[in-house]
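Here is what each chain is made of, one letter per residue.
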Amino acid sequence: MKALDRKLLRDLRQTWSQALTIALVVASGVAGFVTTLSAIDSLAQARDRHYAEARFADVFATVKRAPLSLGETLRDVPGVADLQLTVEQTVRIGIDGVDDPILGHLIGVDPRHPPRINRVALRAGRMPHAGDERGGSDGEAIEALVSAGFADARGLRPGARLRALVNGRERTLRIVGIALSPEYVFAGYGGMPDMRGFGVFWLDHDTLAAASDMAGAFNHVAVTLAPGASHAEAVAGIERVISPWGGREAHDRREQASHAMLDNEIREQRVLGTVLPTIFLAVAAFLLNVVISRTIATQREQIAALKALGYPDRRIAGHYFTQVVAIVLVGLLLGLGLGKWLGTAMVGLYAEFFQFPRFDHRMAPGLVLASAAIAFATAALGTANPLLATMRLAPAEAMRPPAPGRYRPTLAERLGLRRMPTVLRMILRNLERRPLRSALAVVGVAAAVAIVILGNFFRDAIETVVDSKFRVELRADVIVWLAEPAEAAAVHELARLPGAVSVEAGRDVAVRIVHGHRSERITLQGLPAQPVLQRIVDVDDRAWQPSPDGLVMTDRLADKLGLRVGDAVRVEVLEGRARTLHLPLRATVRDMMGLNAYMERRALNRALGEDDVAGRFPVAVARGREAGFLAAAMRLPRIVGAFSKATLWRNMQDISARNIRIMSTILTAFATVIAIGVVYNNARIALAERTWELASLRVLGFSRAEVSTLLLGEMALVIALALPLGMASGYGLVHLIVEMLRSDQFNFPVTLRPRTYAWACLAVLGAAVASAMVVRRRIDRLDMVAALKTRE
């Protein structure tokens, strides 16, 4: 073994604790990078594979009712390679022993000719047999497949029986298989992750068509486009064909609900997987710089001897860089292992929301190489300056001891504050002597505080969203809606049901908002003039009233369309007969979820040229009587579905609360590693630099506690400065992340509760106390004889 190799091993053995803390910081950064990016790479790969195998459609369109013969006309649209016509219907589902309202989406398939587009993959069981054209009217159970997410949530297996209200008549569904579809990778109604309240069912096409009075017709079309075809031209051609049959708009994958949720999740995680590891690796670079600088400073004589013996500058610099590489390599290996484990766990969490036939964690070789390159590049940047200084150091200069520190009155003393304890004056002077290192130490601890704040922000944000949506905005306990809009006087029928306290009438209309060359497909919500049970509420929980002669719109939708208050808006109605409205934009609202537009219901009906109709009814129900109300409401034939606020919240809480706790715990653990790395390394370096000074004070009669106060007081002052800076940085980091995560689906409110700041401070203080105990133990074991030996 060469002399420099033996020296390297000796140096690493002497500084093992510092090297370990730095390696852990590197490991945290690498693990964060690998965890998020490997999980979303696995998610994207599973998505692409499933889409390819199942031939996921490129364009989707819905019509009121069109003859099957229209399919030949659609095939002639330029760019269309293949298409599939289906009958689909959203119905009420009943399960014996379950009182919760459940919605089901029925899709007709031909068992004799498997789908060419949006193919269904069986996870268990078999395909349903061909039925008859009576739609199960003789009481015979209809064979059906059920979506895997709903089956798992409700414990359904082949052989289970359910009830479905199809076209006003109750039919029995017998489950013969559990299936997955590219259309419903995320199967939640209205974008909510409610696996227990929404299921997808595939049954014989002829049976469903007969039960829905759709024999010889279809109401949904899925299209695949030819390679190189123009999406815009194909969509426009399809819209022209379906327009006379109650179809107003076709849309591509970007607006398909399941794909949009999946794509949004991938985009969000790419942001988090880039920003957070950058912070960790920046801290690691700072720590490496400090440690290597200190090592070189204490080994000046050894460097001079090596140069005098003929070792070239590059060989000596390479020796110290090898020490850095060893530390980073340990951190890299730990980070890759931890990232693999956490990535696998994250894929397991994703599997509860996104259903694929195959969904395994995959850590691509390119990701491993990228992690290594980033880690070593960070180390090189962090240590470049001290290594270059080593190469420039002349042997004669290195043989001399370093120049003593230049001390002067502190800033506080220069400002006139001279009556301060001696210990405090010594602490302040030592911090001011190295302002850059002191500042970076404060910034490093502040980064740990900021990361803990960010980890707990998501819990605060979700709680705020839930509180705003479920308590402030939605005061109703139940929302029921009809298959078709009916007279608004239906509120009186609902008000007579057992348990109903108050009822409001609302209406939803599918429209396309157009301004110039920009357009967006949304649901225009018609609300009462002064809504009480379902209100318009902004991120500050302020209630807004719908306009009687114009639109109130989400600010993100207005920005996307380039609209300002007072602008005229073109509204193209996408249901019923073709109509175009021109309405002024009266106000914009900073909403949290979705792209929404609102108008007073009666004014909306007048603008549409219709009577006073409604299709959605929020209902306030007396405490403890919700089950009775729902049972009575479900017996009304016109009601196609119901939404229970309490049930949805309970179903969401089981998964979302646990996932948020896991994320918060992981980020807090990573932040604690940063805090320990910064605090402990700075304390150890300060101890190494001031050993002679501390030993001298002990000889002069200072107690161990008094000597420890000098060093630990410096640590305490750094933390005291870092805590408020970290809180402010955390607030800024949250703002940055929220802006980067902003999308059509979500606009997280920047909400940080006092407990989040308190937890961040406690986590960092706990790390500091643990570091202080280790340093205090070393001070107590200080060898004064060895420490007082000088090089002169």
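Residues numbered from 1 in each chain as written. Predicted model: local features only at pLDDT ≥ 70, side-chain atom pairs only at ≥ 80, totals over all residues. Heavy atoms only, no water.

J.: I tried to follow the overall build of the protein chain on my own but got confused; where do I start?
T.: Tallying secondary structure elements over the protein chain gives 23 helices and 23 strands in all. Considering only C-alpha atoms, the protein chain reaches an extent of 105 × 60 × 55 Å along its principal axes. Residues classed as buried in the protein chain amount to 55% of the 792 residues present. Element-wise, carbon and sulfur atoms account for 57% of the exposed surface of the protein chain, whose accessible area totals about 34700 Å². (Helix = DSSP H or I, 4+ residues; strand = E, 2+ residues; numbered from the N terminus. Buried < 20%, exposed > 50% of the residue type's maximum accessible area, 1.4 Å probe, protein only. Areas by Shrake-Rupley, 256 points an atom, 1.4 Å probe, with all protein chains shown as cover.)

J.: I'm lost on the pairing of strand S9 (residues 198-204) in this one. Help?
T.: Consecutive residues of a regular strand have side chains that alternate between opposite faces of the sheet. Most of S9 is tucked away, with seven of its seven residues classed as buried. As paired elements, strand S6 (residues 142-147) and S9 share three bridges and run antiparallel to each other. Of the residues in S9, the one forming a bridge with Ala144 is Leu203. (Pairing = 2+ DSSP bridges.)

J.: I tried to follow helix H22 (residues 754-780) on my own but got confused; where do I start?
T.: Within an α-helix, residues lying three or four positions from one another point in the same direction, as the helix has 3.6 residues per turn. The first and last C-alpha atoms of H22 sit 38 Å apart over 27 residues, in line with the 39 Å expected at 1.5 Å per residue. All of the buried residues in H22 are Thr756, Tyr757, Ala760, Cys761, Ala763, Val764, Ala767, Ala768, Ser771, Ala772, Val775 and Ile779. (Expected span 1.5 Å × (residues − 1).)

J.: Would you mind showing me how to read the pattern of salt bridges here?
T.: Side chains carrying opposite charge are able to pair once their charged atoms draw close together. Enumeration according to the criterion identifies 33 salt bridges in this entry. The residue Arg55 makes a salt bridge to Asp82 at a minimum N-O spacing of 3.9 Å. Taken together, the residues Arg55 in the loop between helix H2 (16-54) and strand S1 (59-67) and Asp82 in strand S2 (residues 80-86) connect sequence positions 27 residues apart. A relative accessible area of 31% means that Arg55 is categorised as partly exposed. Here Asp152 ties to Arg123 by a salt bridge, and the two come within 2.6 Å at their closest N and O atoms. Taken together, the positions of Asp152 in helix H4 (residues 148-154) and Arg123 in strand S5 (residues 121-125) put the pair 29 residues apart, joining distant regions of the chain. By relative accessible area, Asp152 is classed as partly exposed at 39%. Judged by relative accessible area, Arg123 falls into the partly exposed class, the value being 42%. Salt bridges sharing partners connect three or more residues here, namely Arg55, Glu72, Arg75, Asp82 and Arg116. (Salt bridge = Lys/Arg side-chain N within 4 Å of Asp/Glu carboxyl O.)

J.: Help me out: how do you make sense of the sheet that holds S1 in this one?
T.: Taken in spatial order, the four strands of this open sheet run S2-S10-S1-S11, and their pairing is antiparallel. Of all strands in the sheet, those bounded by a partner on one side alone are S2 and strand S11 (250-252). Along the sheet, successive strands turn relative to each other by an average axial angle of 25 degrees, direction set aside. As judged from the six bridges shared by S1 and strand S10 (residues 217-225), these two strands associate in the antiparallel manner. Bridging across to S10, Thr62 finds its partner in His220. Contacting S1, S2, S10 and S11, helix H6 (residues 231-242) runs over the sheet at an angle of about 10 degrees to S1. (Axes fitted to C-alpha atoms, helices over the stretch in contact; angles between N-to-C directions. Contact = heavy atoms within 4.5 Å.)

J.: Looking at this structure, how should I read the environment of Ala695?
T.: As for its placement among the helices and strands, Ala695 is situated in helix H20 (residues 691-699). On the basis of relative accessible area, Ala695 is assigned to the buried category, the value being 0%. As a C-alpha pair, Ala695 and Leu782 span 87 residues in sequence and 7.5 Å in three-dimensional space.

J.: What exactly am I supposed to notice about the side chain of Ser547 here?
T.: With respect to the helices and strands, Ser547 occurs in the loop between strand S17 (543-544) and strand S18 (551-554). Side-chain polar atoms of Ser547 contact the side chain of Asp549, separated by 3.0 Å. In contact with Ser547, not counting residues within four places along its chain, are Val552, Arg586, Met599 and Glu600. (Polar contact = N/O pair within 3.5 Å; in protein donor to acceptor, adjacent residues only side chain to side chain.)

J.: Help me understand the sheet that holds strand S13 (residues 500-503) in this model?
T.: In a beta sheet, neighbouring strands pair by backbone hydrogen bonds and run either parallel or antiparallel. Reading across from one edge, S13-S22-S12-S23 is the order of the four strands in this open sheet, with antiparallel pairing throughout. Pairing within the sheet leaves two strands with one partner each, and these edge strands are S13 and strand S23 (639-644). Mean inter-strand twist for the sheet, computed between neighbouring axes without regard to direction, equals 30 degrees. In this structure, strand S12 (residues 478-487) lies alongside S23, joined through five bridges in antiparallel fashion. Counterpart to Val480 in the pairing with S23 is Ala642. Together, S12, S13, strand S22 (613-621) and S23 form the strand contacts of helix H18 (residues 626-634), whose direction differs from that of S23 by roughly 165 degrees.

J.: How should I be thinking about helix H7 (residues 257-298) in this particular structure?
T.: Here H7 spans 62 Å end to end across 42 residues, near enough to the 62 Å set by a 1.5 Å rise per residue. For H7, the buried fraction is high: 31 of the 42 residues fall into the buried class.

J.: How do you make sense of the packing of helix H9 (residues 313-350) against helix H10 (residues 365-392) when you look at a structure like this?
T.: Relative orientation and spacing of two packed helices are given, respectively, by the angle between their axes and the distance between those axes. Between H9 and H10, the shortest axis-to-axis distance is 9 Å and the interhelical angle comes to 150 degrees. With respect to H10, the element H9 is oriented roughly antiparallel. In this structure, the crossing between H9 and H10 has a hand that is right-handed. Mapping the contact onto sequence places Asp313, Arg314, Ile316, Ala317, Tyr320, Phe321, Val324, Val325, Val328, Leu329, Leu332 and Leu336 in H9 and Val368, Ser371, Ala372, Ala375, Phe376, Ala379, Ala380, Thr383, Leu387, Thr390 and Met391 in H10. Across the contact of H9 with H10, the residue classes tally to 18 nonpolar, three polar and two charged. (Parallel < 35°, antiparallel > 145°, perpendicular 65-115°, else oblique. Left-handed = near helix turned anticlockwise from the far one by under 90°. Nonpolar A, V, L, I, M, F, W, Y, C, P; charged D, E, K, R; others polar.)

J.: Help me out: how do you make sense of the confidence of the model for the protein chain in this one?
T.: Segments scoring low in pLDDT should not have their predicted coordinates read at a detailed level. Of all residues in the protein chain, 92% have pLDDT values of 70 or greater, and the mean over the chain is 83. Mean pLDDT per element in the protein chain: helix H12 (residues 411-414) is the minimum at 62, and strand S21 (residues 597-600) is the maximum at 93. (pLDDT = per-residue confidence, 0-100.)

J.: Explanation requested: the pairing of strand S7 (residues 161-166) in the structure shown.
T.: Sheet analysis places strand S3 (residues 88-94) next to S7, joined by three bridges and oriented antiparallel. By the bridge assignment, Ile93 is partnered in S7 with Ala164. As judged from the six bridges shared by S7 and strand S8 (residues 169-180), these two strands associate in the antiparallel manner. By the bridge assignment, Arg161 is partnered in S8 with Arg174. Between S7 and S8, which pair antiparallel one after the other, the connecting turn spans two residues, and Asn167 there sits at a positive phi close to 55 degrees.

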